[in-house]
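Analysis of the macromolecular model
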Amino acid sequence: MLTSAGPIDLRSDTVTRPTPPMREAMAAAPVGDDQFGEDPTINQLQERVAALLGKEAALWLPTGTMANQVALRALPRPGDDVIASRECHAVWHETGGSAANAGVQITEIGAGGVFTAEEFLAARKTRGHLVYPPTTLVEIENTHNRAGGVIFPQDEAERVCAAAREHGVASFMDGARLWNAAIASGRSPASLAAPFDLIAVSFSKGLGAPGGSLLAGSRALIDQCVRHRRMLGGAMRQVGIFAAAALYALDHHLARLAEDHRHARRLGERLAQSPQIDLDLATVQTNILVFHLRPDAPDAAKLVAWARERGVLAIAFGPRTVRVATHLDVSAAQCEAAAEVLVALAEGR
Ligand SMILES: *Cc1c(COP(=O)(O)O)cnc(C)c1O
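Here's a quick rundown of the structure. A quick note: this is a predicted structure, and the numbers were derived from the prediction, not measured.

Re the packing of helix α3 (residues 64-74) against helix α10 (residues 219-231)
Two numbers describe a pair of packed helices, the interaxial angle and the distance between the axes. Put simply, α3 and α10 touch, their axes get as near as 9 Å, and they point 115° apart. The handedness of the crossing between α3 and α10 comes out as right-handed. In this structure, α3 uses M66, V70, R73 and A74 to contact α10, whose residues at the interface are L221, Q224, C225, H228, R229 and M231. Its residues assigned to classes, the contact of α3 with α10 comprises six nonpolar, two polar and two charged.

Below you can see the structure in the form of structure tokens.
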């Protein structure tokens, strides 16, 4: 073990624990029955997030997965085609929810977490065609998890959404890590959200709250989302305790994401030095690193198991692909120590 305090947990930015002052804010939160719209802390968070994202209204949901599922039910119809980035969360990480809950088919396009307006138009299926499933939604993931936390270029997002609007296709951003994209790019969350009809953001990733995601969009669209949230069983009661953690996170954990990005950068620079590791440093833009093990290095499952024995936790994303994520519960020194362990194991030491 590298530290007496326990392993260096880089599996995800969701492993953080609420800090003592966050817990204090949660304990002190005024609450009410949110299904009657009477939780004052939830109402405050919804208003604040709507304003931050430049939309009319926002809605609290227990998870980002449910936010995506609600979006996929509110915007397309069952049987419709949804165009999204290759290896997006909705396809890979929601156990088939988009098929089971929304009944949509998703066409994955592009590479490295991004795609162009031309690629969108080439994949779009027209409405009213004899055999095509009509494309009624385009989804962008920003930052893109499986591509290594890359930021979707904003000018391209604007072109994609403009092309979508021209063809009557709705637009949705899975912005679970929109906060990271905003801090890393120096753009406001509202400017990143501006081209989209509907946006999901998460508070349980880099912001370090114990749970909660929000959808933001027009009042009419959010009213529809309220029904779908209930239908999926996600309408809760005194959830102001979660909203208090999210409000605390907006005040205290947003600007510090830059620190996570610096830590990821340093970790990445060390990993990229190893001849046994393939890591494109151009993908290291925020707090996630996805790297590949060369053919004569151990495979991802072995590396992850051995790293655990040495006090470092990572995730195997594929046979030779590993993901690590930095967050507010790991220091610069821990990231450096973890990089040494991962490099040593990849090099058979
Ligand atoms: C984590 C994540 C989600 C889902 O969030 P949960 O709260 O874990 O359900 C959705 N989209 C992306 C891109 C994510 O990384």
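With respect to the side chain of D9
You can see D9 is positioned in strand β1 (residues 8-9). Here D9 falls in the buried class, since its relative accessible area comes to 14%. Engagement of the side chain of D9 in a polar contact is seen with the side chain of R11, the distance being 2.5 Å. When neighbours within four sequence positions are excluded, D9 is seen to be in contact with V15, L313, H327 and V330.

What to know about helix α7 (residues 154-166)
Its 13 residues place the ends of α7 18 Å apart at the C-alpha level, agreeing with the 18 Å of an ideal helix rising 1.5 Å per residue. Residues of α7 that are buried: Q154, E156, A157, V160, C161, A163 and A164. If you follow the buried residues of α7, they end up packed against α6 (117-123), β5 (135-141), β6 (170-175) and α9 (189-193).

A look at the environment of P40
As for its placement among the helices and strands, P40 is situated in helix α2 (residues 40-52). With 205 residues separating them in the primary sequence, P40 and A245 have C-alpha atoms 14 Å apart. Discounting chain neighbours no more than four positions away, the residues touching P40 are P30, V31 and G32.

Criteria and cut-off values
- Residues numbered from 1 in each chain as written.
- Predicted model: local features only at pLDDT ≥ 70, side-chain atom pairs only at ≥ 80, totals over all residues.
- Heavy atoms only, no water.
- Axes fitted to C-alpha atoms, helices over the stretch in contact; angles between N-to-C directions.
- Helix = DSSP H or I, 4+ residues; strand = E, 2+ residues; numbered from the N terminus.
- Left-handed = near helix turned anticlockwise from the far one by under 90°.
- Contact = heavy atoms within 4.5 Å.
- Nonpolar A, V, L, I, M, F, W, Y, C, P; charged D, E, K, R; others polar.
- Buried < 20%, exposed > 50% of the residue type's maximum accessible area, 1.4 Å probe, protein only.
- Polar contact = N/O pair within 3.5 Å; in protein donor to acceptor, adjacent residues only side chain to side chain.
- Expected span 1.5 Å × (residues − 1).

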